[in-house]
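Overview (structure and organization)
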Amino acid sequence: DKAGHKHFMAKEIAEQPAVIGEALSRYLTTDGEIMLPDPGLDFTKLDRITMVACGTAFYACLTAKYWFEQIARLPVEVDVASEFRYREPPISDRTMALFVSQSGETADTLAALRYCAGKADLIASVVNVTESSIARESNLALPIHAGVEVGVASTKAFTCQLTVLFLMVLKAAVDRGAITKEELADYVSGLRSMPSLINTALEQNGALRDEAYKLSSARDVLFLGRGAMFPLALEGALKLKEISYIHAEAYASGELKHGPIALIDENVPVVVMAPNDALFDKTVSNMQEVMARKGKVILISDRAGLDAESEGTWGQIEMPPVADALAPILYAIPAQLLAYHTAIAKGTDVDQPRNLAKSVTVE
Ligand code: M6R
């Protein structure tokens, strides 16, 4: 049932405020304490986390690496499951192996989990389908409470994965004494404001449709972001190629001049994900390098960022201001809607894109 929407993807994008609210209510007490199901996680005895996943779930892991390292001061490795499983990486008994999967049935992710069993201190997973193989074979499986996701392009599962991973990061930061009570309270209140911020972001639907229409005639599109917005750029590019079949790539903004800038001309639109955070000026200077080569930039930022830097850009999308750390959750919305409307403009099959399956249960 598409609940009045044209596609499951549109319905699932629209559900995000509600399902993120649901996930938060499952993991936060009214006093703002983090509750995780038993066996409760103890981050004090860990040296590192190894995170493994595929596709969009892999980008959720990459985002969480920035969070775990910056907020909880805990080193994290992230790998795509198909590479991890055959590399035979050494796993110490002070490592938590953490698997992220919407379906819980992805063959490579499951094989990577089985490789780590008996080696890592703990096998944990973040899943949507709780009666899945990955959930069953984990010591601790944390549900994301996104509800059934039908669209092949993952949307609400991604933002719910990010939400649950952020809660794990806060638990790790508390266990390791990396944040004060006040900082914890600030992060928690930031999380609690996500559903309403996402509602505000969803109001940009019309503006995103207009930008998507412009993108729909492009052959190639680049996405740029810095810090935790780099994985978001990767996710935006994946969404666009999956459902619109436009070739899209993402780069860390700082990597541009190490090669990709050679691609820039007036035919290559560049989507820049730049919340007005500590790295904003750096990202903007990369954006200006693109515009100096006639690249057409769509800048996604907040009012202050757009007021300061949108001159000369091809398109602008306004997001509400958000706590720096939580920007990846919010900026997922314009990434999803850009891909969605580009696919509509091109007339491709949004919910069942060619060559793809919702759950990849074979290698
Ligand atoms: O079920 P999983 O989360 O393990 O699936 C992983 C990927 O196959 C999945 O995220 C895929 O990349 C999506 N089609 C992305 O939209």
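Each chain carries its own residue numbering, running from 1 in the written order of its sequence. Reporting of local features is limited, given that this is a predicted model, to residues whose pLDDT is at least 70; pairs of side-chain atoms are given and counted only at 80 or more, and all residues count toward the totals for whole chains, interfaces and linings. Side-chain measures were taken over the full set of non-hydrogen atoms in the model, leaving aside hydrogen atoms and water.

Within the protein, the regular secondary structure consists of 14 helices and 10 strands. Using C-alpha atoms as the atom set, the radius of gyration is obtained and then compared with a globule rule of 2.2 Å times the number of residues to the power 0.38. Against the 2.2 N^0.38 benchmark of 21 Å for 363 residues, the protein shows a C-alpha radius of gyration of 20 Å, consistent with a compact globule. Once the C-alpha set of the protein is aligned to its principal axes, its extents read approximately 55 × 45 × 45 Å. The cut-offs for exposure are 20% and 50% of the maximum accessible area for each residue type, with area from a 1.4 Å probe on protein chains only; residues under the lower value are buried, those over the upper are exposed, and the others partly exposed. For the protein, the proportion of its 363 residues judged to be buried stands at 58%. Partitioning the contacts of the protein with sequence separation of at least 6, the portion at a separation of at least 24 is 75%. Computed over 34 positive and 47 negative side-chain charges, the inter-centroid distance for the protein is 3 Å. Counting from the N terminus, the helices are the DSSP runs of H or I reaching at least four residues and the strands are the DSSP runs of E reaching at least two. The contact definition used throughout considers only heavy atoms, calling two residues in contact when any of these lie within 4.5 Å. This count recognises Lys and Arg as positive and Asp and Glu as negative, with His and chain-terminal groups excluded. We put the charge of a Lys on NZ, of an Arg on CZ, of an Asp on CG and of a Glu on CD.

Attention shifts here to the site of the ligand. Here a residue is near a molecule or strand as soon as one of its heavy atoms is found within 4 Å of it. Taken together, 14 residues lie near the ligand, and Ser101, Gln102, Ser103, Thr106 and Glu242 sit nearest. Think of a polar contact as two N or O atoms within 3.5 Å of one another; within protein, one of them needs to be a possible hydrogen donor and the other a possible acceptor, and neighboring residues in sequence only count if both atoms come from side chains. Measuring from an oxygen atom of the ligand, one finds a side-chain N or O atom of Ser103 at 2.7 Å. Within the backbone of Val152, an N or O atom sits 3.0 Å from a nitrogen atom of the ligand. Counting residues per element, the ones that place at least two in the shell around the ligand are helix H3 (55–71) and helix H11 (229–244).

End to end, helix H7 (residues 156–175) covers 29 Å across 20 residues, agreeing with the expected 28 Å (1.5 Å per residue, within 8%). Looking one or two residues past H7, Gly177 carries a phi angle of roughly 65°, positive in sign. What a helix should span is 1.5 Å times the count of its residues minus one.

Moving on to the packing of aromatic side chains. The rule is short: rings of Phe, Tyr and Trp, with Trp giving its six-membered ring, pair when the centres are within 6.5 Å, and they are stacked under 30 degrees, edge-to-face over 60, tilted in between. All told, the structure shown has 5 aromatic pairs when counted by the stated rule. Between the aromatic rings of Phe43 and Phe68, the centroid separation amounts to 6.3 Å while the plane-to-plane angle is 40°, which identifies the pairing as tilted. Of this pair, Phe43 sits in the loop between helix H2 (16–27) and strand E1 (48–53) while Phe68 is found in helix H3, placing the two residues 25 residues apart along the sequence. Judged by its relative accessible area of 0%, Phe43 falls in the buried class. Look at Phe166 and Tyr187: their rings are 5.7 Å apart centre to centre, the planes differ by 65°, and that puts the pair in the edge-to-face class. On the criterion of sequence distance, the pair formed by Phe166 in helix H7 and Tyr187 in helix H8 (residues 181–192) is long-range, its members being 21 residues apart.

Each regular strand displays side chains that alternate between the two surfaces of the sheet. Burial of strand E3 (residues 95–101) is extensive: 7 of the 7 residues sit out of reach of the surface. Neither face of E3 is exposed, since Thr95, Ala97, Phe99 and Ser101 on one face and Met96, Leu98 and Val100 on the opposite face are all buried. Of the pairings in the sheet, the one linking E1 to E3 comprises 5 bridges and is parallel in character. Bridge pairing in E3 places Met51 opposite Leu98. In this structure, E3 lies alongside strand E4 (residues 122–127), joined through 6 bridges in parallel fashion. Residue pairing across strands places Met96 opposite Leu122, the latter belonging to E4. Two strands are counted as paired when DSSP detects at least two bridges linking them.

Another point: the confidence of the model for the protein. The predictor's confidence in any single residue is recorded as pLDDT, a number from 0 to 100. In this model, the protein carries an average pLDDT of 96, and 99% of its residues clear a pLDDT of 70 or more. For this predicted complex, the interface confidence score (ipTM) comes to 0.99, while the overall pTM stands at 0.98.

By definition, a disulfide links two cysteine residues through a covalent bond between their sulfur atoms. Cysteine sulfurs are considered disulfide-paired once they come within 2.5 Å of each other. Inspection of the entire model under this criterion finds 0 disulfides. Free of any disulfide, Cys54 has its nearest neighbouring cysteine sulfur in Cys61, separated by 9.5 Å. For Cys54, a relative accessible area of 27% corresponds to the partly exposed category. Among the residues examined, Cys61 registers a relative accessible area of 0% and is labelled buried.

The packing of two helices is summarised by the inter-axis angle and the distance between the axes. It is the contact of H7 with H8, at a shortest axis distance of 11 Å, that shows an interaxial angle of 170°. Taken as axis vectors, H7 and H8 run roughly antiparallel relative to one another. Here Thr163, Phe166, Leu167, Leu170 and Val174 of H7 lie close against H8, whose contacting residues are Leu184, Tyr187, Val188 and Leu191. Just so you know the grouping, Ala, Val, Leu, Ile, Met, Phe, Trp, Tyr, Cys and Pro go in nonpolar, Asp, Glu, Lys and Arg go in charged, and all remaining residues, Gly too, go in polar. When grouped by side-chain class, the residues that make up the contact of H7 with H8 number 8 nonpolar, 1 polar and no charged. In this analysis an axis means a line fitted to C-alpha atoms, helices contributing only their contacting stretch, and an angle means the value between N-to-C directions, from 0 to 180 degrees. Roughly parallel means an angle under 35 degrees; roughly antiparallel means over 145; roughly perpendicular covers 65 to 115; every other angle is labelled oblique.

Here we take up the layout of surface pockets. Any empty space left between atoms is shown by rolling a water-sized probe over those atoms. Put simply, the largest pocket is a space of about 500 Å³. Contributing to the lining of the largest pocket are 27 residues, with Cys54, Gly55, Thr56, Lys358 and Val360 lying nearest its centre. Going through the elements one at a time, H3, E3, helix H5 (107–116), H7 and H11 are the ones with two or more residues in the lining of the largest pocket. Split by residue class, the lining of the largest pocket holds 11 nonpolar, 10 polar and 6 charged. Here a cavity denotes a set of grid points, spaced 1 Å apart and computed over the protein atoms alone, in which a 1.4 Å probe fits but from which it cannot get out, and a pocket denotes an open set meeting protein on both sides within 12 Å along at least five of seven lines; residues with an atom within 4 Å of a point are reported as lining. Grid points are joined across faces, edges and corners, and a volume is the space filled by probe spheres set on the points.

Here we take up helix H14 (residues 327–346). With 20 residues, H14 extends 29 Å from end C-alpha to end C-alpha; this agrees with the ideal 28 Å at 1.5 Å per step. Among the 20 residues of H14, 17 are classified as buried, and the element is accordingly described as predominantly covered.

Now for the sheet that holds strand E5 (residues 140–143). Pairing is parallel in the open sheet, where 5 strands are placed in the order E2-E1-E3-E4-E5. Strand pairing shows two members of the sheet lacking a second neighbour, strand E2 (76–80) and E5, which therefore form its edges. Sheet twist, expressed as the mean angle between neighbouring strand axes with direction ignored, is 20°. The strands touched by H7 are E1, E3, E4 and E5; relative to E3, the strand with the most contacts, the crossing angle is about 165°.

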